[in-house]
Amino acid sequence: MLMAHPTVLRNLIEQYEALRMLHAESGGEEARQRMDDVAYTLCVSTGTGDVDSALVAARHQLPGARPEDDSVLSA
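The model shown is predicted, which means the values in this text are computed figures rather than measured ones.

## Section: helix H3 (residues 51-60)
No. 1: Buried residues dominate H3, accounting for seven of its ten residues.
No. 2: The set of residues buried in H3 consists of Val51, Ala54, Leu55, Val56, Ala57, Ala58 and Arg59.
No. 3: Against helix H1 (6-21) and helix H2 (29-46) lie the buried residues of H3.

Right, dumping it as structure tokens:
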């Protein structure tokens, strides 16, 4: 499997978290589409099927990640 560059993964994580903090999922069509696009790209980049798994997998691929990092997502 191809591995996304850590800089790309970090950028995607930051974009997704910013969109989530801004409640893009309940915003206008453009904001929802952007959030969906970032979530999809995270899933493809990490080989996962849902955004929560993609976020965990992406964080584990970043330099300095430890096995216990993100084992449980905070709500």
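Next comes the rest of the write-up.
## Description of the nonpolar core
No. 1: One finds Ile13, Tyr16, Val38, Leu42, Val51 and Leu55 to be the most contacted residues of the largest nonpolar core, which totals 16 residues.
No. 2: Going through the elements one at a time, H1, H2 and H3 are the ones with two or more residues in this core.
No. 3: When sequence neighbours within four positions are dropped, the list of residues in contact with Leu42 reads Leu12, Ile13, Tyr16, Thr48, Val51, Ala54, Leu55 and Ala58.

## Here's the deal with unusual backbone geometry
No. 1: Even without being glycine, His23 reaches a positive phi, approximately 55 degrees.
No. 2: Tracing the backbone through its elements, the reader meets His23 in the loop between H1 and H2.

## Quick look at the packing of H2 against H3
No. 1: At a minimum axis distance of 9 Å, the contact between H2 and H3 shows a crossing angle of 55 degrees. Comparing the axis directions of H2 and H3 gives the class oblique. Seen from above, H2 lies across H3 with left-handed handedness. On the side of H2, the interface is formed by Ala39, Leu42, Cys43 and Thr46, while H3 contributes Val51, Ala54, Leu55, Ala57 and Ala58.
No. 2: Looking at the contact of H2 with H3 residue by residue, the classes come out as eight nonpolar, one polar and no charged.

Parameters and conventions
- Within every chain, residues take consecutive numbers counted from 1 along the sequence as written.
- Side-chain atom pairs in this predicted model are given and counted only at pLDDT of 80 or more, local residue features only at pLDDT of at least 70, and totals for whole chains, interfaces and linings cover all residues.
- Where side-chain values are given, they derive from all heavy atoms of the structure, hydrogens and water being excluded.
- Exposure categories follow from relative accessible area, calculated using a 1.4 Å probe and restricted to protein chains: below 20% of the type maximum is buried, above 50% is exposed, and the middle band is partly exposed.
- Working definition: helices are DSSP H or I runs of at least four residues, strands are E runs of at least two. Numbering for both runs from the N terminus.
- Note on definitions: a residue-residue contact is assigned when non-hydrogen atoms from the two residues lie within 4.5 Å.
- Put simply, buried Ala, Val, Leu, Ile, Met, Phe, Trp, Tyr and Cys residues joined by side-chain atoms within 4.5 Å make one nonpolar core.
- Comment: axis = line fitted to C-alpha atoms, over the contacting stretch for helices; angle = value between 0 and 180 degrees taken between N-to-C directions.
- Orientation labels follow simple angle bins: below 35 degrees gives roughly parallel, above 145 gives roughly antiparallel, 65 to 115 gives roughly perpendicular, and whatever is left gives oblique.
- Two helices cross in a left-handed way if the nearer one is turned anticlockwise from the farther one by less than a right angle. They cross in a right-handed way if the turn is clockwise.
- When residues are grouped by polarity, Ala, Val, Leu, Ile, Met, Phe, Trp, Tyr, Cys and Pro land in nonpolar, Asp, Glu, Lys and Arg in charged, and all others, Gly among them, in polar.

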